2 protein chains.
Amino acid sequence: DTSAKVIDGKLVSKQIRDEITSEISKMKEAIGLVPGLAVVLVGDRKDSATYVRNKKKACEAVGITSYESHLPEDCTEEEVLKCISDYNKDPSVHGILVQLPLPHHMNEEKILNAVKIDKDVDGFHPLNIGRLAMRGREPLFVPCTPKGCIELLHRYSISIKGKRAVVIGRSNIVGMPAALLLQREDATVSIIHSRTENPGEITKEADIIIAAVGQPNMVRGSWIKPGAVIIDVGINAVDDPKSPRGYRLVGDVCYEEACKIASAITPVPGGVGPMTIAMLLSNTLTSAKRSWQN
Amino acid sequence: DTSAKVIDGKLVSKQIRDEITSEISKMKEAIGLVPGLAVVLVGDRKDSATYVRNKKKACEAVGITSYESHLPEDCTEEEVLKCISDYNKDPSVHGILVQLPLPHHMNEEKILNAVKIDKDVDGFHPLNIGRLAMRGREPLFVPCTPKGCIELLHRYSISIKGKRAVVIGRSNIVGMPAALLLQREDATVSIIHSRTENPGEITKEADIIIAAVGQPNMVRGSWIKPGAVIIDVGINAVDDPKSPRGYRLVGDVCYEEACKIASAITPVPGGVGPMTIAMLLSNTLTSAKRSWQN
Ligand SMILES: NC(=O)C1=CN([C@@H]2O[C@H](COP(=O)(O)OP(=O)(O)OC[C@H]3O[C@@H](n4cnc5c(N)ncnc54)[C@H](OP(=O)(O)O)[C@@H]3O)[C@@H](O)[C@H]2O)C=CC1
Ligand SMILES: NC(=O)C1=CN([C@@H]2O[C@H](COP(=O)(O)OP(=O)(O)OC[C@H]3O[C@@H](n4cnc5c(N)ncnc54)[C@H](OP(=O)(O)O)[C@@H]3O)[C@@H](O)[C@H]2O)C=CC1
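From a predicted model like this one, the values you see are computed outputs, not experimental measurements.

Participant: Help me get a handle on the site of ligand 2, residues and values and all.
Facilitator: Ligand 2 sits among 21 residues. The nearest are A:Arg135, B:Arg170, B:Ser171, B:Ser194 and B:Thr276. Residue neighbours of ligand 2 fall on chains A and B, so the site bridges chains. Between ligand 2 and the protein, one listed contact pairs an oxygen atom with a backbone N or O atom of B:Ile235 at 3.1 Å. Coverage of ligand 2 by the protein amounts to 70% of the 920 Å² it exposes when considered alone. Grouping the constituent residues of the shell around ligand 2 by class yields eight nonpolar, eleven polar and two charged.

Right, dumping it as structure tokens:
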């Protein structure tokens, strides 16, 4: 008796990547311009290496040239800054990603700020965030995961204007920019975080819920207004002896309960996850086009 | 039968100005440093001239040297930019204010962005707003009116952490930064604007309401939870034949109704109004101290 429509991020991200592929191929033919994305990876975290590999693969699939600098865990901040500075100057590179987390001996803020604002395809530069927060200003890039959430709402024709929206989580990379984006689209936004009392009473008022917490199954059926739309950003590994890997991935929303009450919901995996990379490719294409216009 | 405590912004702002006066006089004696604030006024709007005059007077009263450039309405954007650039370079100027609104033929964004970030005592630069929005980042300056609102809560020992707060209005200069400040202090924040349906249902849940709308008496008694704290930023002129001037100033909150339900409330005038200038003086002093340390 599942009633919610499943918001299929895998399918939508495939559509978007197809759109990007065709736009890049036309651009290449017409003006010979090929977008380039550079990734800076420091250290040997396995998960980071996997993320970087996936990003490179996704780039190649749509026709974006990928560049990579892999620096050792014990390199200096100056070496990372030098690497970024080289990419800043390189006209074939239109986007620069610094894979987080960085080793503890480095100043993350300083390193992220070194990325030239017009190559900041992650959209994490405070100048981009400031413009995102301000009316009448336009950020050069919007952070990929929250942009992917809004894109899903758009592609499923879910209206945002005038709706009550609740964002759970206020991180710099997901929750906070998601709230700013919803507000730009004229939702009435409330933000829940770890200090919020009775979060379920607040989510219960929402027409749209974006959950980006990192707490498996936190949002229960009883937290949801009938007919609400649920975007679940959470990716949490929980033990599962029945799975060959010994664990499985779940979201921040209890899917089994939510899908009976919501009108539409993203699954985990296959919801927001694939949208993040699609938006990164989209930001890189935008940046390449902009470099040509200027 | 008024039960609400009156939050006396006039009194608090006097205390703050006294604190600033004594700090500046000590600083002058100890290291010979005198803070300086430059105001750029373009055109002949009477209200703008009054605001500038009041700011200059307030500076003089606490020992801040004030500088003024008054440019004609029909001057060019380049002339305004040149003027800002001169103040940017002048080491005796620690803060630069561009009085808004600018004439219509000028690009406000471009002109505001020309103010050097470490002299942006208005806190309107997108880099400052971005840092205000981001966890783990610190803005160099916080916009004066919202900073004054929070300062009033602090000076009256009204706790913010974990409280439900509603901000009505989302302008770049008041509502939006007020919401970001409340969130930095761990309130659970909702933002109401002109597209919000049933705003009274949302305000009714709030422990703290900041109203910055520009709609006389919009917030009625029935919108307020018993015991809530009300910060009324609105300054609206309404016709009043009984007043010698033919009008009087009222806030965005219906004071007569609210003061019977709220636990504390700012009056209009004499609430947030005087705090704005006090915060401007405070930001200028901070900037001068910072220039000495660097
Ligand atoms: N689909 C994708 O591509 C991506 C998925 N993710 C996933 O999204 C989730 C969130 O990621 P991220 O934003 O980076 O996480 P962070 O840990 O940076 O932020 C978590 C936020 O949730 C809040 N929070 C934590 N516990 C609670 C609680 N019990 N009740 C209410 N709020 C709480 C925190 O509050 P406070 O601020 O008070 O500490 C914080 O604001 C994770 O599961 C992550 O794996 C992340 C990025 C991309
Ligand atoms: N005490 C002081 O020192 C200062 C006082 N003020 C006063 O504060 C008030 C607000 O100023 P400012 O922020 O500059 O004003 P703006 O006009 O820039 O912004 C007003 C905000 O209120 C929202 N709004 C307008 N009508 C309604 C409505 N009916 N219901 C809900 N929201 C509504 C608007 O929504 P939307 O975004 O959808 O248009 C907008 O976000 C004014 O009275 C002003 O005089 C301002 C600055 C300093």
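Still to come is the rest of the account.
Participant: Tell me what's going on with the state of the cysteines, and back it up with residues and numbers.
Facilitator: Between two cysteines, a covalent bond joining their sulfur atoms is known as a disulfide. Tallying each qualifying case throughout the model produces zero disulfides over all chains. Between B:Cys259, a cysteine without a disulfide, and B:Cys254, which holds the nearest cysteine sulfur, the sulfur-to-sulfur distance is 8.7 Å.

Participant: An account of the sheet that holds strand S4 (residues 95–98) of chain B is needed here, citing residue identities and associated values.
Facilitator: All names here are of chain B. Strand order in the open sheet made by the three strands is S3-S2-S4, with parallel pairing throughout. One side of each edge strand has no neighbouring strand; the edge strands of this open sheet are strand S3 (65–71) and S4. Here the average twist between neighbouring strands, direction ignored, is 15 degrees. Sheet analysis places strand S2 (residues 36–42) next to S3, joined by seven bridges and oriented parallel. Residue Ala-38 lies in a different strand from S3, and its bridge partner there is Tyr-67.

Participant: Run through the domain arrangement of chain A, naming residues and quoting values.
Facilitator: In many analyses, interface size is given as the accessible surface area lost on bringing the parts together. With domains assigned, chain A is organised as domain 1 (32–118) and domain 2 (143–273). Look at where the C-alpha atoms of domain 1 of chain A and domain 2 of chain A centre, and you get two points 29 Å apart.

Participant: Can you break down the site of ligand 1 residue by residue, with the values?
Facilitator: Around ligand 1, the structure places 21 residues, and the nearest of them are A:Arg170, A:Ser171, A:Ser194, A:Thr276 and B:Arg135. A:Gln215 has a polar side-chain atom sitting 3.5 Å from a nitrogen atom of ligand 1. One nitrogen or oxygen atom from the side chain of B:Arg135 is found 2.7 Å from an oxygen atom belonging to ligand 1. In isolation ligand 1 offers 920 Å² of accessible surface; the protein chains occlude 70% of this area. Each residue belonging to the shell around ligand 1 can be placed in one class, and the counts come to eight nonpolar, eleven polar and two charged.

Participant: Describe in detail the packing of aromatic side chains, supporting the description with residues and values.
Facilitator: Applying the stated rule across the entire model yields zero aromatic pairs over all chains. One Lys or Arg, A:Arg290, reaches over the ring of A:Phe141 and ends 4.9 Å from the middle of that ring.

Participant: Summarise the environment of A:Val40; cite the residues concerned and give the values.
Facilitator: Residues and elements named next belong to chain A. Among the secondary structure elements, Val-40 is positioned in strand S2 (residues 36–42). Considered as a pair, Val-40 and Arg-164 are 124 residues apart in the sequence and their alpha carbons are 39 Å apart. When neighbours within four sequence positions are excluded, Val-40 is seen to be in contact with Ser-69, Leu-71, Val-80, Cys-83, Ile-84, Tyr-87, Ile-96, Leu-97, Val-98 and Gln-99.

Participant: Explain the sheet that holds strand S4 (residues 95–98) of chain A residue by residue, including any values.
Facilitator: Residues and elements named next belong to chain A. Across the sheet, which stays open at both edges, the three strands sit in the order S3-S2-S4 with parallel pairing between neighbours. Both outer strands of the open sheet, strand S3 (65–71) and S4, are each paired with one neighbouring strand and no more. Taking each pair of neighbouring strands and ignoring which way they run, the sheet shows an average axis angle of 15 degrees. Along the sheet, helix H3 (residues 77–89) makes contact with S2, S3 and S4, crossing S3 at roughly 165 degrees.

Participant: Go over the relation of the copies chain B and chain A, please, and point to the residues and values.
Facilitator: Taken as rigid bodies, chain B and chain A are interconverted by a rotation of 180 degrees and an axial shift of 0.0 Å, the fit giving an RMSD of 0.0 Å. In short, the pair behaves as if placed about a two-fold rotation axis. With an isologous cut-off of 70% or more, the 100% of interface residues of chain B that recur at the interface of chain A puts this contact in the isologous class.

Participant: Describe the nonpolar core, naming the residues involved and giving the relevant values.
Facilitator: In this structure, A:Leu153, A:Leu182, A:Ile210, B:Leu153, B:Leu182 and B:Ile210 are the most contacted members of the largest nonpolar core, which totals 114 residues. Ignoring any residue separated from it by four or fewer positions in sequence, one finds B:Leu153 in contact with B:Ile158, B:Ile160, B:Leu182, B:Ile208, B:Val229 and B:Ile231.

Participant: Summarise helix H2 (residues 46–62) of chain B; cite the residues concerned and give the values.
Facilitator: Residue and element names in this part refer to chain B. Given a rise of 1.5 Å per residue, 17 residues ought to cover 24 Å, and the 25 Å separating the end C-alpha atoms of H2 matches this to within 8%. For H2, the complete set of buried residues consists of Ser-48, Val-52, Lys-55, Ala-58, Cys-59 and Val-62. Axial view of H2: buried residues confined to an arc of 125 degrees, hence all on one face. Opposite the buried face of H2, by more than 90 degrees, sit the exposed residues Lys-46, Lys-57, Glu-60 and Ala-61. Buried residues in H2 make contact with helix H1 (9–31), S2, S3, S4 and helix H10 (273–293).

Participant: Which residues make up the packing of helix H5 (residues 126–133) of chain A against helix H5 (residues 126–133) of chain B, and what values go with them?
Facilitator: H5(B) packs onto H5(A) with a crossing angle of 90 degrees between their chain directions and a minimal axis gap of 7 Å. On the basis of their axis angle, the class for H5(A) and H5(B) is roughly perpendicular. Where H5(A) approaches H5(B), its residues A:Pro126, A:Leu127, A:Ile129, A:Gly130, A:Arg131 and A:Ala133 are matched on the opposing element by B:Pro126, B:Leu127, B:Ile129, B:Gly130, B:Arg131 and B:Ala133. Considered class by class, the residues forming the contact of H5(A) with H5(B) number eight nonpolar, two polar and two charged.

Participant: Give a description of the pairing of strand S6 (residues 188–192) of chain A that names residues and reports values.
Facilitator: Residues and elements named next belong to chain A. Counting buried positions along S6 yields five of five residues, so the element is predominantly enclosed. Judged by which residues are buried, S6 turns out to be covered on both faces: Thr-188, Ser-190 and Ile-192 on one side and Val-189 and Ile-191 on the other are all buried. Here five bridges tie strand S5 (residues 164–168) to S6, and the two strands are oriented parallel to one another. Residue pairing in the sheet places Ile-168 in a bridge with Ile-192 of S6. Once the chain exits S5 it traverses helix H7 (residues 175–184) before rejoining the sheet at S6, and the crossover so formed is right-handed.

About the criteria used
Residues numbered from 1 in each chain as written. Chains lettered and ligands numbered in written order. Predicted model: local features only at pLDDT ≥ 70, side-chain atom pairs only at ≥ 80, totals over all residues. Heavy atoms only, no water. Near = heavy atom within 4 Å. Polar contact = N/O pair within 3.5 Å; in protein donor to acceptor, adjacent residues only side chain to side chain. Areas by Shrake-Rupley, 256 points an atom, 1.4 Å probe, with all protein chains shown as cover. Nonpolar A, V, L, I, M, F, W, Y, C, P; charged D, E, K, R; others polar. Disulfide = S-S within 2.5 Å. Pairing = 2+ DSSP bridges. Helix = DSSP H or I, 4+ residues; strand = E, 2+ residues; numbered from the N terminus. Axes fitted to C-alpha atoms, helices over the stretch in contact; angles between N-to-C directions. Domains from an automatic or database assignment. Phe/Tyr/Trp six-rings, centres within 6.5 Å; stacked < 30°, edge-to-face > 60°. Lys NZ or Arg CZ within 6 Å of the ring centre and 35° of its normal. Contact = heavy atoms within 4.5 Å. Least-squares fit on C-alpha atoms with pLDDT ≥ 70 in both. Core = buried A, V, L, I, M, F, W, Y, C linked by side-chain atoms within 4.5 Å. Buried < 20%, exposed > 50% of the residue type's maximum accessible area, 1.4 Å probe, protein only. Expected span 1.5 Å × (residues − 1). Arc of directions from axis to C-beta. Parallel < 35°, antiparallel > 145°, perpendicular 65-115°, else oblique. Right-handed = clockwise from strand over helix to strand, strands pointing away.

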